[in-house]
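In case you want the letters, here they are:
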2 protein chains.
Amino acid sequence: MSNKHALKQYDIKKYRTPDGYTSDICVFTIIAEKNEAYKPPTMDLKIMLIKRAALDSEGNMNIEANKWAIPGGFVQDDETGFQAAKRELEEETNISGIHIKQFGVYDKPGRDPRGWIISNAHYAIVPDTYLSLRKAQDDAADIELFSIKDVMDLELAFDHKQIIADAIQVITNDLLQTTVAKNFLPDNFTYSELQAVLKTVTNDPAILSDQSFSRKIKSLPFIQEVQGKTTTRTSKRATKLYTFIEMDVIKPIYTARY
Amino acid sequence: MSNKHALKQYDIKKYRTPDGYTSDICVFTIIAEKNEAYKPPTMDLKIMLIKRAALDSEGNMNIEANKWAIPGGFVQDDETGFQAAKRELEEETNISGIHIKQFGVYDKPGRDPRGWIISNAHYAIVPDTYLSLRKAQDDAADIELFSIKDVMDLELAFDHKQIIADAIQVITNDLLQTTVAKNFLPDNFTYSELQAVLKTVTNDPAILSDQSFSRKIKSLPFIQEVQGKTTTRTSKRATKLYTFIEMDVIKPIYTARY
DNA sequence: TTTATAATTAACAAAATGTTTATTGTTAAT
DNA sequence: ATTAACAATAAACATTTTGTTAATTATAAA
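These notes cover the structure that comes with them. (Residues numbered from 1 in each chain as written. Chains lettered and ligands numbered in written order. Predicted model: local features only at pLDDT ≥ 70, side-chain atom pairs only at ≥ 80, totals over all residues. Heavy atoms only, no water.)

Here we take up the overall build of chain A. Scanning chain A from N- to C-terminus turns up 7 helices and 9 strands. C-alpha atoms of chain A, sized along the principal axes, occupy 70 × 55 × 35 Å. Residues classed as buried in chain A amount to 53% of the 258 residues present. Long-range contacts, defined as pairs at least 24 residues apart, comprise 61% of the intrachain contacts of chain A with a sequence gap of at least 6. In the structure as shown, chain A presents an accessible area of about 11,900 Å², 47% of it carried by carbon and sulfur atoms. Looking at charge distribution, chain A has the averaged site of its 33 positive side-chain charges lying 8 Å from that of its 36 negative ones. (Helix = DSSP H or I, 4+ residues; strand = E, 2+ residues; numbered from the N terminus. Buried < 20%, exposed > 50% of the residue type's maximum accessible area, 1.4 Å probe, protein only. Contact = heavy atoms within 4.5 Å. Areas by Shrake-Rupley, 256 points an atom, 1.4 Å probe, with all protein chains shown as cover. Lys, Arg positive; Asp, Glu negative; His and termini not counted. Charge placed at Lys NZ, Arg CZ, Asp CG, Glu CD.)

Moving on to the protein's contact with DNA strand C. Close to DNA strand C lie 23 residues, the nearest being Arg 237 of chain A together with Arg 215, Lys 216, Arg 237 and Arg 257 of chain B. Close to the protein, within 4 Å, the atoms of DNA strand C belong to sugar or phosphate groups at a rate of 70%. For DNA strand C, a phosphate oxygen lies 3.2 Å from a polar atom in the side chain of Lys 39 of chain A. A distance of 2.4 Å is found between a base nitrogen of DNA strand C and a side-chain nitrogen or oxygen belonging to Arg 237 of chain A. Counting residues per element, the ones that place at least two in the surface near DNA strand C are α5 (191-199), α7 (210-216) and β9 (239-244) of chain A together with α7 (210-216) of chain B. Broken down by element, the residue count for the surface near DNA strand C peaks at 4 residues, all from α7 of chain B. For the surface near DNA strand C, the class distribution of residues is 4 nonpolar, 7 polar and 12 charged. (Near = heavy atom within 4 Å. Polar contact = N/O pair within 3.5 Å; in protein donor to acceptor, adjacent residues only side chain to side chain. Nonpolar A, V, L, I, M, F, W, Y, C, P; charged D, E, K, R; others polar.)

With respect to spatial proximity, 22 residues lie near DNA strand D, and among them Arg 215, Lys 216 and Arg 237 of chain A together with Arg 237 and Arg 257 of chain B are the closest. Contacts to DNA strand D include Lys 39 of chain B, whose side-chain N or O atom sits 3.4 Å from a phosphate oxygen. Here the surface near DNA strand D is built from residues that sort into 4 nonpolar, 7 polar and 11 charged.

Least-squares fitting of chain A to chain B yields an RMSD of 0.0 Å, with the superposition described by an axial translation of 0.0 Å and a rotation of 180°. In symmetry terms, the pair is related by a two-fold rotation axis. Comparing contact sets, 100% of the residues at the interface of chain A also lie at the interface in chain B, consistent with an isologous, same-surface contact. (Least-squares fit on C-alpha atoms with pLDDT ≥ 70 in both.)

With 89 residues of chain A at the interface, the matching set in chain B holds 89 residues. When the two sides are added together, the surface that chain A and chain B hide from each other amounts to roughly 7,500 Å², 61% of it contributed by carbon and sulfur. If you look at where chain A meets chain B, you find 2 salt bridges. Two residues, Arg 16 of chain A and Asp 77 of chain B, come together in a salt bridge whose shortest N-O distance is 2.9 Å. Inspection of the region where chain A meets chain B yields 12 residue pairs in polar contact (both at pLDDT 80 or more). Among the elements that line the side of chain A that touches chain B, the one with the most residues is helix α1 (residues 2-10) of chain A, at 9 residues. Across the side of chain A that touches chain B, the residue classes break down as 41 nonpolar, 24 polar and 24 charged. (Buried area = accessible area lost by both parts, 1.4 Å probe. Salt bridge = Lys/Arg side-chain N within 4 Å of Asp/Glu carboxyl O.)

What follows deals with the layout of surface pockets. Here the second largest pocket defines a volume of roughly 610 Å³. As for the second largest pocket, its lining consists of 24 residues, of which Thr 255 and Arg 257 of chain A together with Thr 255, Ala 256 and Arg 257 of chain B are closest to the centre. Ranked by the residues each element gives to the lining of the second largest pocket, the list is headed by α7 of chain A, at 4 residues. Of the residues that constitute the lining of the second largest pocket, the class distribution is 11 nonpolar, 4 polar and 9 charged. (1 Å grid on protein atoms, 1.4 Å probe; cavity = no way out; pocket = protein on both sides within 12 Å on 5 of 7 lines; lining within 4 Å. Points joined across faces, edges and corners; volume = space filled by probe spheres on them.)

So, on to unusual backbone geometry. The backbone phi angle of Phe 158 of chain A is positive, close to 45°, even though this residue is not glycine. Along the polypeptide, Phe 158 of chain A turns up in the loop between β7 (143-147) and α4 (160-177). The phi torsion at Asn 66 of chain B lies on the positive side, around 65°, for a residue other than glycine. The residue Asn 66 of chain B is located in the loop between β2 (43-51) and β3 (68-69) in this model. Residue Asn 66 of chain B is classed as partly exposed on the basis of its relative accessible area of 46%.

Once that is clear, we can look at the environment of Thr 129 of chain A. Tracing the sequence through the fold places Thr 129 of chain A in helix α3 (residues 128-137). On a C-alpha basis, the gap between Thr 129 of chain A and Ile 31 of chain A in space is 8.2 Å, while along the polypeptide they are 98 residues apart.

On to the pairing of strand β2 (residues 43-51) of chain A, then. For a regular strand, the rule is simple: side chains alternate between the two faces of the sheet. Residue and element names in this part refer to chain A. Along β2, 8 of the 9 residues are buried, which leaves the element largely enclosed by surrounding structure. Judged from the 6 bridges that link them, strand β1 (residues 20-32) and β2 form a sheet pairing that is antiparallel. Bridge pairing in β2 links Ala 32 to Met 43. Bridge count for β2 against β7 is 5 bridges, and the pairing is antiparallel. Pairing of Lys 46 across the sheet is with Ser 147, part of β7. (Pairing = 2+ DSSP bridges.)

In short, shape yes, function no, at least from these values alone.
Below you can see the structure in the form of structure tokens.
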């Protein structure tokens, strides 16, 4: 078998090559909904979509026109899909340091009517302020934030419905099982701000309960209390601030409580 | 920006296309090392590698010759990378129903000297019996199982060292945070068999302790005791058997104990 | 001055875990 | 036939953690 394998690998021209390689990005942001003074925030997880134009630059009917789609573009031959995602997103938002993670490949034959096009899919976490700003600047008819509760009801281009469904699943897992939530928060945050982020993706009673969560946060090894600094963002009373510690955390499902 | 985006997507011929799209597979198996009668097994997580031939089918020097590599091959234009992985693996092992999961894309320019080749990487879980058999059948000089503790010391082809390192990280996470361990086990297994699988990737004391683990397994919602059936595989005394229940499990790191 | 309210602490019962010590059932050795 | 060995459990109990409810604190706003 390994000879067969070697043969296959060698004879490169035998194989048809893809017609394109794109990098696509599910851009998530969390907006604070009822952000009243001295109140803990209520948050909602949103995804940014762009509306495909009716006509292309040459005045012809555009493919998948008027449908909502995730942003993306072709990967250049001097960059990785990850770098392409980063480049495109930084062009889009004018900010750097965005958290991006690759989560899937979409390559089903026929997924794009223009040819055999491989999509390398990423998700990105963008602080709310940037996207709200961006939307205000542009005329913005073609860019919109959708709640993850609503987005599956839209008519979406290509196989983007599947990509988005997968992205929501992955970011939900990551928010709960990694420290990626830090990318939705300021460096120093209150327990209720972290709690609000987690509440966008879980109903776990231990996270929903203020008393339990504010007690628990003190014993988490990947979170540290910031000494001598408080805020009144969420309460009239000065509130303790916390910060994430860089650390890999893996907790087996076999040792958890049910 | 969305116009720029639409333009980019339309003008497909402007972009260089990849020279190839491959599907590569890190094949993991767990072999029971000291499998004495009436003893709980001691297991070791292994990865299957193939040795690249010195010469190709035309008698020329092969690229990356004599180095160890993960199996893989080109994706055909009528299949997905996932299907290609499945096809290649089934050709290889002659078994079906293998658990396969996509975990990464490797597309760094220059990663393959033959051109711009995108690798879609998967990991597969194969029961030990099959691979041992296979190895015995072939002359098998070119196929070998390496312990994940040793594999990083080998000279590996292309960027396979990175791919393997990532695969080990991913399967470690998955073994602990999902029910994927079931693919290493018979349908009905004892607590010590499951424990042996988990011990290949963790030192968590709650998993290492026989008493704790055998007590805990009864309360896990995704594992069920098999009524009226026992085995003496691991002990002289008849031992209870368990089975996995199909179920998604997510346990937040924010509610775990530390 | 009072009210309202977010954050936090206190208190305590209930549940889970760590740990040590028995018990059980069976094979293999004497 | 008896006994030693041993994996799998169960039992017991101290310790830790959690769920829950109630109090306390601090401060803006009425």
